[in-house]
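Listed below are the residues making up each chain.
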Amino acid sequence: MENTDPNLQKKRTKRAKIIDISLFILCMTNLILWLIRAGYAYNIESYTAFAWIYNNLFTPMYYALYVLPIALVLSFINRRITLDSFSFLSIKCLAITYILIFIIR
């Protein structure tokens, strides 16, 4: 038996949108950190903040490579992905991050 309460549907939709936006922000932040790490590794930039990111944030960035795709897939359950959604943008950010990592190595 399915509940068709409109308020419940609105709450679910709002919660799903908040989760999608949060995952997109995390994926974009992870991509930016990997770009900074790549720039420092190839001596493009040598600021102390880049050195700190290069030395201290590798472990959280590495864990995010595994946690973010799992969280993204779990957020897709019982929903459709459209090309204009934050979920699709998150997938693109993750793909660019993985391509960047393969280029760095």
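Definitions and limits used
- Residues numbered from 1 in each chain as written.
- Predicted model: local features only at pLDDT ≥ 70, side-chain atom pairs only at ≥ 80, totals over all residues.
- Heavy atoms only, no water.
- 1 Å grid on protein atoms, 1.4 Å probe; cavity = no way out; pocket = protein on both sides within 12 Å on 5 of 7 lines; lining within 4 Å.
- Points joined across faces, edges and corners; volume = space filled by probe spheres on them.
- Helix = DSSP H or I, 4+ residues; strand = E, 2+ residues; numbered from the N terminus.
- Nonpolar A, V, L, I, M, F, W, Y, C, P; charged D, E, K, R; others polar.
- Disulfide = S-S within 2.5 Å.
- Buried < 20%, exposed > 50% of the residue type's maximum accessible area, 1.4 Å probe, protein only.
- Salt bridge = Lys/Arg side-chain N within 4 Å of Asp/Glu carboxyl O.
- Patch = residues over 30% accessible without salt bridge, like charges linked within 9 Å, V, L, I, M, F, W, Y side chains within 5 Å.
- Areas by Shrake-Rupley, 256 points an atom, 1.4 Å probe, with all protein chains shown as cover.

A. Representation of the layout of surface pockets in the model. Within this model, the largest pocket holds a volume of roughly 490 Å³. Of all the elements in the fold, those that place two or more residues in the lining of the largest pocket are helix H1 (6-41) and helix H3 (58-75). The element best represented in the lining of the largest pocket is H1, accounting for 8 residues. Within the lining of the largest pocket, the residues separate by chemical class into 5 nonpolar, 5 polar and 6 charged.

B. Broad picture of the state of the cysteines. Under the definition given, this model contains 0 disulfides. With no disulfide of its own, Cys27 lies 6.3 Å from the sulfur of Cys93, the closest cysteine sulfur. For Cys93, a relative accessible area of 6% gives the class buried.

C. View of the pattern of salt bridges. Tallied over the full model, the rule gives 1 salt bridge. For the salt bridge of Arg79 with Asp20, the shortest nitrogen-to-oxygen distance reads 2.9 Å. Taken together, the residues span a long stretch of sequence, with Arg79 in the loop between H3 and helix H4 (86-104) and Asp20 in helix H1 at a distance of 59 residues. On the basis of relative accessible area, Asp20 is assigned to the buried category, the value being 8%.

D. Here's a closer look at a nonpolar patch on the surface. Taken together, Tyr62, Tyr63, Tyr66 and Val67 make up a surface patch of nonpolar side chains, about 450 Å² in accessible area. You can see Tyr66 is positioned in helix H3.

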